[in-house]
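Coordinate inspection notes
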Amino acid sequence: MLTLLHTRILKLDDPKNINFIKVAGLLILVFSILYIGQRPISGRYFGDMRTYSIYYADYQSGSPIKGTKDIFFHIFMKTCSYFVSVHTFFTFCAMIYILPMARISKVLFKEYWYYAFFMFLVSFSFWAYGANGIRNGAAGSLFLLGLSYKNNKFIMGLCFFIAVSFHKTMFLPIFAYLITLVYNEPKTFLKGWLACIPLSLVLGSVFITIFSSIGFGDDDRLAGYLSGQSEEGTFSSTGFRWDFLFHSAFAVFAGWYFVIKKKFHDKFYFQLLNTYLICNGFWILVINANYSNRFAYLSWFMMAIVIIYPLLKQRLFKDHHFMIGKVLFVYFMFTYLMAYVFYA
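Rules behind the numbers
Residues numbered from 1 in each chain as written. Predicted model: local features only at pLDDT ≥ 70, side-chain atom pairs only at ≥ 80, totals over all residues. Heavy atoms only, no water. Helix = DSSP H or I, 4+ residues; strand = E, 2+ residues; numbered from the N terminus. Buried < 20%, exposed > 50% of the residue type's maximum accessible area, 1.4 Å probe, protein only. Contact = heavy atoms within 4.5 Å. Phe/Tyr/Trp six-rings, centres within 6.5 Å; stacked < 30°, edge-to-face > 60°. Lys NZ or Arg CZ within 6 Å of the ring centre and 35° of its normal. pLDDT = per-residue confidence, 0-100.

Moving on: the environment of isoleucine 308. Tracing the chain through its elements places isoleucine 308 in helix H17 (residues 303-313). Looking at isoleucine 308, the relative accessible area reads 0%, which means it is buried. Residues isoleucine 308 and alanine 254 lie 54 residues apart in sequence; the distance between their C-alpha atoms is 8.7 Å. Other than its neighbours up to four places away in sequence, isoleucine 308 contacts Ala116, Met119 and Ile324.

Under the criterion given, the structure shown has 42 aromatic pairs. Considering the side-chain rings of tyrosine 114 and phenylalanine 118, the 5.6 Å spacing of their centres and the 45° angle between planes classify their relative orientation as tilted. Of this pair, tyrosine 114 and phenylalanine 118 both sit in helix H7 (residues 113-121), separated by 4 residues, roughly a single helical turn. Note on tyrosine 114: relative accessible area 3%, which makes it buried. Seen in terms of ring centroids, phenylalanine 124 and phenylalanine 334 are 6.0 Å apart; in terms of plane orientation they differ by 75°. Their pairing is edge-to-face. You can see phenylalanine 124 sitting in the loop between H7 and helix H8 (126-131) and its partner phenylalanine 334 sitting in helix H18 (residues 320-342), a full 210 residues away along the chain. Accessibility classification places phenylalanine 124 together with phenylalanine 334 in one group, the buried group. Each member of the aromatic cluster is reached from another via a ring pair, and the members are Tyr52, Tyr56, Phe73, Phe76, Phe89, Phe90 and Phe166. For the cation-ring pair, lysine 150 lies above phenylalanine 268, with the distance from its terminal atom to the ring centre recorded as 5.2 Å.

Once that is clear, we can look at the confidence of the model for the chain. On average, residues of the chain score 86 in pLDDT, and 87% of them reach the 70 mark or higher. The secondary-structure element of the chain with the lowest mean pLDDT is helix H13 (residues 220-227), recorded at 54, while H7 shows the highest, at 96. Long-range and interchain partners of residues 229-236, a stretch whose pLDDT sits below 50, account for 25 contacts in this model, where long-range means more than four residues apart.

Given below as structure tokens:
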């Protein structure tokens, strides 16, 4: 509400507004890290957290690294177990999850970084993948960290490699981003996204079978997400999720509106939007699978930046600052109503 008020009464570049968003950004950055990182250890309320705390206790007792899948995460956990408590470890996880969101916001939008960072924090998927799907959330943020080094391909590639080593599902957004380096036309990918909806309605089970058998099935967890044999996950009800599709369409509509209607042209924005469309289109094709939400997150973690990017790069409306405030407010209210009304 304070942000909305400032967008209503002050110009975007007003020194008073710059000071407010600078202080507010730092406050919510520190608060969000500590609030998520220092939460009580609970499997009932925070899903995977209990499992990770058991792993951590084993590592503190001297157990060797468990398995070879998502190896970097286990190396990270094992290393932390020598020096810090389990609560500090989860705070480090929160830092890995949240700091890249702040960095990419600062790199792309300079002094207006607060608005993008705020969008990340009020996203519908933000809490679930900070407190429950910890590895998946951290891996997504490491992907964002890589994108923030778009002018340094070596560091970008290193971040992508670590992201995959945290959670193998990151292969999908990385592959999608690589596609945009070769072909980057939003109109084509927008049409492709729309085509995925009837294809999923008619041939959804066929796509689940195909993707389970051509590489995704090589990883037990990925196969479990598609076949419904996995035990972990949030929002695990099955069927064609019209509610999730409606949510995903926010970023698609924003991309269409800015690119087609407002003629916004920015190569990197096209890459962000097209990466989102490819990943979300894949999720739509397997939307009927149990735990398809885990594939939905492979696009949802980019939703905030896809929506806010053009608004922070170009003046597109008469009262532009207030439009930014209204977009933030509507985006937040969707999350609030979904969490406390629809799913409650």
